[in-house]
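# Summary of structural features
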Amino acid sequence: SQKIEQNSEALNIQEGKTATLTCNYTNYSPAYLQWYRQDPGRGPVFLLLIRENEKEKRKERLKVTFDTTLKQSLFHITASQPADSATYLCALTFYGNNRLAFGKGNQVVVIP
Amino acid sequence: ETGVTQSPTHLIKTRGQQVTLRCSSQSGHNTVSWYQQALGQGPQFIFQYYREEENGRGNFPPRFSGLQFPNYSSELNVNALELDDSALYLCASSLTAGAVNEQFFGPGTRLTVL
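How each quantity is defined
Residues numbered from 1 in each chain as written. Chains lettered and ligands numbered in written order. Predicted model: local features only at pLDDT ≥ 70, side-chain atom pairs only at ≥ 80, totals over all residues. Heavy atoms only, no water. Helix = DSSP H or I, 4+ residues; strand = E, 2+ residues; numbered from the N terminus. Rg over C-alpha atoms; globule rule 2.2 N^0.38 Å. Contact = heavy atoms within 4.5 Å. Areas by Shrake-Rupley, 256 points an atom, 1.4 Å probe, with all protein chains shown as cover. Lys, Arg positive; Asp, Glu negative; His and termini not counted. Charge placed at Lys NZ, Arg CZ, Asp CG, Glu CD. Pairing = 2+ DSSP bridges. Axes fitted to C-alpha atoms, helices over the stretch in contact; angles between N-to-C directions. Polar contact = N/O pair within 3.5 Å; in protein donor to acceptor, adjacent residues only side chain to side chain. Core = buried A, V, L, I, M, F, W, Y, C linked by side-chain atoms within 4.5 Å. Buried < 20%, exposed > 50% of the residue type's maximum accessible area, 1.4 Å probe, protein only.

### Here's the deal with the overall build of chain B
Within chain B one finds 0 helices and 11 strands. A globule of 114 residues ought to have a C-alpha radius of gyration of about 13 Å, and chain B, at 13 Å, matches this closely. Here the analysis covers contacts within chain B between residues at least 6 apart in sequence; of these, 54% occur between residues at least 24 apart. When the accessible area of chain B is evaluated, it comes to approximately 5200 Å², of which 49% is carbon and sulfur surface. Side-chain charges in chain B split into 7 positive and 9 negative, and the spacing between the mean points of these groups amounts to 8 Å.

Below, the structure is given as structure tokens:
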């Protein structure tokens, strides 16, 4: 069965530095990969979508890469701010499938 | 433009009872997906409704059922509640069917089963 792995340990990072999160998956390659942000007690909020034929996507201080050979996506937050503290979820969509399969999420704590 | 809303915010039920959760989709969206999120886990896909028809289902038993209405709002019904059903239930709407579209999530309903 498909596995989507995100680091279970929280990432503590100093304000101004770049936070990098990893999403690894096994078996089938997804058609699309999305990243969401979730704050405690709230629903996830969409951040970025990247297609399997795209290597990189950027949006303001966020950057996502997608390596189908390594079966991995990296999510970067540059010049991190305390307001970036949240849990970040990786979500995959596979061909012929209309659902999002989420990883467990990775918590980021930005220290002022 | 109003976002996705869900009701109730919190709910406490006992084992064996039945529950109905409600979701109003974002204006202009015809697709609603439901997810279950246990503590410390990512959301798990329950099912998706597109124009009032079920359009895909995750690995959940038949006691999880749903409806979508002509205004595209939706309900999730869970029968014969079990302790493991305790979770945050999230509704997400999107412009059209398929998961490639950005999904707009509501704040969720926190269900506790005692």
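Let's pick the thread back up.
### Quick notes on the sheet that holds strand β1 (residues 5–7) of chain B
Residues and elements named next belong to chain B. What the 4 strands build is an open sheet, ordered β1-β3-β8-β7; its pairing is antiparallel. At either end of the open sheet lies a strand with only one pairing partner, and these are β1 and β7 (64–68). Each adjacent strand pair in this sheet contributes to an overall mean axis angle of 20 degrees, direction not counted. As paired strands, β1 and strand β3 (residues 19–24) are joined by 3 bridges and run antiparallel to one another. Residue pairing for β3: threonine 5 is matched across the bridge by serine 24.

### Looking at the side chain of glutamine 38 of chain A
Turning to its location among the elements, glutamine 38 of chain A is positioned in strand β4 (residues 32–38). A distance of 2.9 Å separates polar atoms of two side chains, one belonging to glutamine 38 of chain A and the other to glutamine 37 of chain B. Setting aside residues up to four positions removed in sequence, glutamine 38 of chain A forms contacts with Gly43, Pro44, Ala86, Thr87 and Leu89 of chain A together with Gln37, Leu88 and Leu90 of chain B.

### Quick notes on the nonpolar core
Within the largest apolar cluster, 23 residues are counted, with the highest numbers of intra-cluster contacts made by Leu33, Trp35, Phe75, Tyr88, Cys90 and Leu92 of chain A. Elements with a contribution of two residues or more to this core: β3 (19–25), β4, β5 (45–51), β7 (62–67), β8 (72–77), β9 (86–93) and β11 (106–111) of chain A. Not counting chain neighbours up to four residues away, the residues in contact with phenylalanine 75 of chain A comprise Ala19, Thr20, Leu21, Trp35, Leu47, Leu62, Lys63, Val64 and Tyr88 of chain A. In this structure, Leu21, Phe47, Ala87 and Cys91 of chain B belong to the second largest nonpolar core, which totals 20 residues.

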